[in-house]
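Structural characterization, general
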Amino acid sequence: MKSGLSKYNNLTQRIITALLGVTIMLSAIVYSEWTYFAVFFILCAMTQLEFYKLVGLDGMLPLKFWGTITGLSIYTITFLVHAEHLDPDIYFAIAPIASTVYFVKLYKKNDKKPFTNIAYTFLGIIYVAVPFALLHIAVFYNEIYSFQIIIGALFIQWASDTGAYFAGVRFGKRKLFERISPKKTWEGALGGTILAFVFAIIMAANFDEIADWQWLCIAGIIVIAGTYGDLVESLFKRSIEVKDSGSIIPGHGGFLDRFDGLLLSAPFISAFLMLFE
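Predicted model only: the values in this text are computed from it and were never measured.

1. So, the overall build of the chain
Counting secondary structure elements, the chain contains ten helices and two strands. Each helix (α) and strand (β) of the chain, taken in turn from the N terminus, gives the series α-α-α-α-α-α-α-β-β-α-α-α. Taking 19 Å as the expected radius of gyration for a compact globule of 277 residues, we find that the chain reaches 19 Å, a close match to that expectation. Seen along its three principal axes, the alpha-carbon backbone of the chain occupies a region of about 55 × 45 × 35 Å. Burial analysis of the chain (277 residues in total) assigns 48% to the buried set. For the chain, the computed accessible surface area is about 14400 Å², with 67% contributed by carbon and sulfur atoms. A distance of 17 Å separates the average location of the 21 positive side-chain charges in the chain from that of its 21 negative side-chain charges.

What follows is the structure, given as structure tokens:
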């Protein structure tokens, strides 16, 4: 696929890849709870492995396998509990699974900073796997599987990113956070905000699972937390001196580049849904 798209410019690659990715994700979400689970399981695994790969470029030695297994266990257990296939007591299994990280590190003879690398292992779980697991709160908001909230949130997130990109390219002058991301501008942020709220209004008009004001609040969360998520990932990449988190998604970089906004938005959205039902 990458070789086939290489003949196009970056914007065309972005559009083609985005349309393909959106089609796969939306089809999986709409089709059933299990196809939703499978697609986001893969995204969670790929994003977490990418995080550990980047950390490795900075000389760290996180436990990629055990960290990813722990993250996917949290993702899976959370799904099965919310889908009412398992009793919530199963959450207690997460602690011993996570604790195996310490045992494994005892046998890594060449690791000069074991606890630093243990910390990075857990950071991958907290930064990537936990937000993906929190998405289950949205899809089982009314105790049965429903795609309305997650699809609405994704459309708002994509609208925010798209509006920010094109407004920034066309009108961008005033730097938003130049030290971390020189290309981001206030004009771009405003364009993203406007388009995000337009899509929130569209979602409110077509979906009835939550109230109209809740859609507007979710849009506000996505605009703010999503922007910070992008900046946090930019800070991470600058700290290890890489431009993109990967090259697997033509025109978009890596999985972290594509889902950085979602990773910070998901905890706030899930908290909002649980606290303001």
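2. Details of the packing of aromatic side chains
Following the criterion strictly, the structure yields 25 aromatic pairs and no others. On the basis of an interplanar angle of 65° and a centroid distance of 5.7 Å, the ring pair of Phe51 and Tyr52 is categorised as edge-to-face. Given the relative accessible area of 2%, Phe51 is considered buried. Residue Tyr52 is classed as buried on the basis of its relative accessible area, which comes to 0%. These aromatic residues form a ring-pair network of at least three members: Trp34, Tyr36, Phe37, Phe40, Phe41, Tyr75, Phe79, Phe132, Phe140, Tyr145 and Phe259.

Scoring rules and cut-offs
- Residues numbered from 1 in each chain as written.
- Predicted model: local features only at pLDDT ≥ 70, side-chain atom pairs only at ≥ 80, totals over all residues.
- Heavy atoms only, no water.
- Helix = DSSP H or I, 4+ residues; strand = E, 2+ residues; numbered from the N terminus.
- Rg over C-alpha atoms; globule rule 2.2 N^0.38 Å.
- Buried < 20%, exposed > 50% of the residue type's maximum accessible area, 1.4 Å probe, protein only.
- Areas by Shrake-Rupley, 256 points an atom, 1.4 Å probe, with all protein chains shown as cover.
- Lys, Arg positive; Asp, Glu negative; His and termini not counted.
- Charge placed at Lys NZ, Arg CZ, Asp CG, Glu CD.
- Phe/Tyr/Trp six-rings, centres within 6.5 Å; stacked < 30°, edge-to-face > 60°.

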